[in-house]
Amino acid sequence: MSDRFAAEGQRYPRSVRLRASWVALKTIAFKETNRYLRIWIQTLVPPAITMTLYFVIFGALIGERIGPMGGYSYMEYIAPGIIMLAIITNSYNNVVSSFFGAKFQRHIEELLVSPMPNLVILTGYVVGGVGRGLCVGAIVTVIALMFTSLPIHNWAITLSVVVLTATLFSIGGVINAIYAQKFDDIAIIPTFVLTPLTYLGGVFYSISLLPEFWQAVSLANPILYMVNAFRFGILGSADVNIVFSYVMMIAFIIGLGGFALYLLRRGTGLRS
Amino acid sequence: MTALVVTDLTKTYRNGRTALNHIDLSVDAGAFFGLLGPNGAGKSTLIGIVATLVTKSGGQVQVFGHDLDRDPWAVKSSLGLVPQEFNFNTFDTVEQIVLNQAGFYGIPRRIAHIRAEHYLQSLGLWERRKSISRTLSGGMKRRLLIARALMHEPRLLILDEPTAGVDIELRRSMWDFLRHINAQGTTIILTTHYLEEAESLCRDIAIIDEGRIIEHTNVKALLQRLSTQAYLLDVEHLPESLPQLPDFSLRRIDGATLEAEVPRGRPLTELFAVLAQNGISVTSMRNKSNRLEELFVRMLGNKERGKEKEKEENS
């Protein structure tokens, strides 16, 4: 048995650690993916129903009376925003509920006592969140295609914005779950921060409709940049600069990712 | 070679409570070591620090020569933990729990399947491998914790009250299993409230109280300190009132069992002769196995009395 272990005081070779970390990452990613697929009635069906209602009510019924927006039919205009709304809420909710559930049931300790690095724990949960975000995004896109056409102006921008946004909000979900002490705490950020920012982030309207002051206020909303970058990928038009949107998303991912790793290393909310 | 070396270990929680007060402890490789102490003594805190679930306030921990601060990867790889409370995902199956655990330690899936079968078979859980973990009985859940902790085949296995709430038959089978893996080379550290368990399994023990190690010795050496030996006697015709014997202390356990305390070094034939004179015939006898409990109670009792005395003197 002893030949599997490093000699006293010796470090394990880097190759051994990397191989073990890769196996650990696959394990968490598979476990997280399996979790949201196993409970698909709770994770994949509700956003499909909600978003269908958005398309029917705002797109088909009210949208026809609103007329074109930004040079597109209202249905075409809101479709990218509604897809993005689904991706943001689902990637966030997937991670926050799974990570907090693990904390609440204390099986997070399985990860904490194992030798896997914190980066692997974070990445594993993010893979789960991004996976659910992409699944829900794909479902909502199929529903959108029943109501309107989505020309896809630029595939690379469309897909990269989806992945970056889902990554960012998955990391946000981890941070929320680390701080949460009860189930109420995992609903506060989605209800009081994410939902208002998303609805005011240009999902249903162009900020050019707003008075100058509120346009300036809207530009401080990071979700506006993600929604518009995605809309640019699909329709080819946006209210904001696309390069700046990418810079902001990447900066947020690095900043929040670094903060999440710091919290995991300190053991905030996880170790006594 | 030492499996665990703890030096000057201190833990003070945020509320100001000091759970560990400059503890030094070492456990030899291959040992079956018992960590005993009353509730709140600091046992679980000590285990939590070694397993990295609790952050230490000061001191050092080394596992097989690997320092916890400098090389946590090596420490964690060498260590298996069976916690006091069930901490697995209650929505996962038994098989998923052990396979995932292996994955977290970097064990490839193919090997993990082989080990899962081996440990689940050994612990009598193989037939229930597809069961959702929350549907298991308490004893099965305890065994699942052990199987999970062994999936990466650690050199040091720490069990925090593994047989709490487990019936006697199952407890004995778990003891046999633990003895078996200890004989194969796995160092075991066990905390338990059942002192009979520690006496039966452990070669060495440490007693911890109020965050300090008050005793760290060999079980046999500790038991030598008892000035009397206790025996359980199965007897015939136990009279209503027990005879008063000047040198032996007798206690009725039930209608056919008598507990006798015999001064160390005193021939047992004297006891039998005195009992026979009083019309009590002994049909069989055995050692009372929870002698450690007596010693433990005495040690903690002496300590309490010492404190009271100190208080009186100060006032």
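It should be emphasised that the depicted structure is a prediction, and the values quoted were computed from it without experimental measurement.

What follows deals with the packing of aromatic side chains. According to the stated counting rule, one finds 13 aromatic pairs over all chains in the structure shown. A centroid spacing of 6.4 Å and a plane angle of 65° characterise the contact between A:Tyr54 and A:Tyr199, whose relative ring orientation is edge-to-face. With a gap of 145 residues between them, A:Tyr54 in helix H3 (residues 45-66) and A:Tyr199 in helix H8 (residues 185-203) connect regions that are remote in the sequence. One aromatic cluster is present, built from ring pairs that chain together A:Tyr54, A:Tyr199 and A:Phe204. A cation over an aromatic ring shows up here: B:Lys141 above the ring of B:Phe86, its NZ or CZ 5.7 Å from the ring centre.

The subject of this paragraph is the sheet that holds strand S2 (residues 18-28) of chain B. All names here are of chain B. Strand order in the open sheet formed by 4 strands is S2-S1-S4-S5, and the pairing between neighbours is antiparallel. The open sheet terminates on both sides in strands that have one partner only, identified here as S2 and strand S5 (66-67). Note: strand S1 (residues 2-12) against S2, 7 bridges, orientation antiparallel. Bridge pairing in S2 links Val5 to Ser26. Sheet strands in contact with helix H1 (residues 43-50) are S1, S2 and strand S4 (58-63), and its direction is about 115° off that of S1.

Below, the discussion takes up the packing of helix H4 (residues 74-104) of chain A against H8(A). All names here are of chain A. Interhelical geometry of H4 versus H8 gives an angle of 165° and a closest axis separation of 11 Å. With respect to H8, the element H4 is oriented roughly antiparallel. With respect to the hand of their crossing, H4 and H8 are arranged in right-handed fashion. Contacts between H4 and H8 involve Tyr77, Ile78, Gly81, Ile82, Leu85, Ile88, Tyr92, Asn93, Val96, Ser97 and Phe100 on the former and, on the latter, Ile186, Ile189, Pro190, Leu194, Thr198, Tyr199, Gly202 and Val203. Among the residues making up the contact of H4 with H8, the classes are represented as 14 nonpolar, 5 polar and no charged.

Taken together, the 35 residues of chain A in the interface contact 45 residues of chain B. When the shortest N-O distance is used, the salt bridge between A:Arg106 and B:Glu85 registers 3.0 Å. Scanning the region where chain A abuts chain B turns up 15 residue pairs in polar contact (both at pLDDT 80 or more). Elements with a contribution of two residues or more to the side of chain A that touches chain B: helix H1 (14-38) and helix H5 (108-112) of chain A. Here the side of chain A that touches chain B takes 11 residues from H1(A), the largest share from any one element. Residue classes in the side of chain A that touches chain B are distributed as 16 nonpolar, 8 polar and 11 charged.

This paragraph deals with a nonpolar patch on the surface. Residues and elements named next belong to chain A. The grouping of Ile49, Leu53, Val56, Ile57, Phe58, Leu61, Ile62, Ile66, Val142, Met146 and Phe147 at the surface amounts to a nonpolar patch, some 960 Å² of accessible area in total. Contributing elements (two or more residues each) for the nonpolar patch: H3 and helix H6 (118-147). With 8 residues, the top contributor of residues to the nonpolar patch is H3.

Let us look at helix H7 (residues 155-179) of chain A. Between the first and last C-alpha of H7(A) there are 37 Å, a value that for 25 residues agrees with the 36 Å anticipated at 1.5 Å per step. For H7(A), a buried count of 19 out of 25 residues is recorded, marking the element as mostly surrounded by other parts of the structure.

Here we take up the nonpolar core. Membership of the largest hydrophobic core comes to 162 residues, with the highest contact counts inside it found for A:Ile82, A:Phe99, A:Tyr125, B:Leu4, B:Val61 and B:Leu157. Counting residues per element, this core draws most heavily on H4(A), which supplies 18 residues. Counting residues in each nonpolar core, the second largest holds 13 residues, with B:Leu238, B:Leu250, B:Ala260 and B:Val262 among its members.

Moving on, we come to the environment of A:Thr123. Mapped onto the elements of the fold, A:Thr123 is located in helix H6. Expressed as a C-alpha distance, the spacing of A:Thr123 and A:Gly101, which sit 22 residues apart in the sequence, is 17 Å.

Regions of empty space are outlined by a rolling probe, equal in size to a water molecule, passed over the atoms. Scanning all chains against the criterion turns up 4 cavities of 30 Å³ or more. Quantified by volume, the largest cavity comes out at close to 90 Å³. Taken together, 14 residues make up the lining of the largest cavity; nearest its centre are A:Val113, B:Leu81, B:Pro83, B:Gln101 and B:Arg148. Among the secondary structure elements, those contributing two or more residues to the lining of the largest cavity are H5 of chain A together with strand S6 (79-82) and helix H5 (138-150) of chain B. Ranked by residue count, the leading element in the lining of the largest cavity is S6(B), at 3 residues. The computed volume of the second largest cavity comes to approximately 60 Å³. In terms of lining residues, the second largest cavity is bounded by B:Leu4, B:Leu25, B:Phe33, B:Leu35, B:Leu46, B:Ile47, B:Val50, B:Ile158 and B:Ile189. The set of elements that each furnish at least two residues to the lining of the second largest cavity consists of strand S3 (32-36) and H1 of chain B. It is H1(B) that provides the largest number of residues to the lining of the second largest cavity, a total of 3 residues. Residue composition of the lining of the second largest cavity, grouped by class: 9 nonpolar, no polar and no charged.

Calculation criteria
- Residues numbered from 1 in each chain as written.
- Chains lettered and ligands numbered in written order.
- Predicted model: local features only at pLDDT ≥ 70, side-chain atom pairs only at ≥ 80, totals over all residues.
- Heavy atoms only, no water.
- Phe/Tyr/Trp six-rings, centres within 6.5 Å; stacked < 30°, edge-to-face > 60°.
- Helix = DSSP H or I, 4+ residues; strand = E, 2+ residues; numbered from the N terminus.
- Lys NZ or Arg CZ within 6 Å of the ring centre and 35° of its normal.
- Pairing = 2+ DSSP bridges.
- Contact = heavy atoms within 4.5 Å.
- Axes fitted to C-alpha atoms, helices over the stretch in contact; angles between N-to-C directions.
- Parallel < 35°, antiparallel > 145°, perpendicular 65-115°, else oblique.
- Left-handed = near helix turned anticlockwise from the far one by under 90°.
- Nonpolar A, V, L, I, M, F, W, Y, C, P; charged D, E, K, R; others polar.
- Salt bridge = Lys/Arg side-chain N within 4 Å of Asp/Glu carboxyl O.
- Polar contact = N/O pair within 3.5 Å; in protein donor to acceptor, adjacent residues only side chain to side chain.
- Patch = residues over 30% accessible without salt bridge, like charges linked within 9 Å, V, L, I, M, F, W, Y side chains within 5 Å.
- Areas by Shrake-Rupley, 256 points an atom, 1.4 Å probe, with all protein chains shown as cover.
- Expected span 1.5 Å × (residues − 1).
- Buried < 20%, exposed > 50% of the residue type's maximum accessible area, 1.4 Å probe, protein only.
- Core = buried A, V, L, I, M, F, W, Y, C linked by side-chain atoms within 4.5 Å.
- 1 Å grid on protein atoms, 1.4 Å probe; cavity = no way out; pocket = protein on both sides within 12 Å on 5 of 7 lines; lining within 4 Å.
- Points joined across faces, edges and corners; volume = space filled by probe spheres on them.

It is worth stressing that arrangement in space is one thing and function is another; only the former is reported here.
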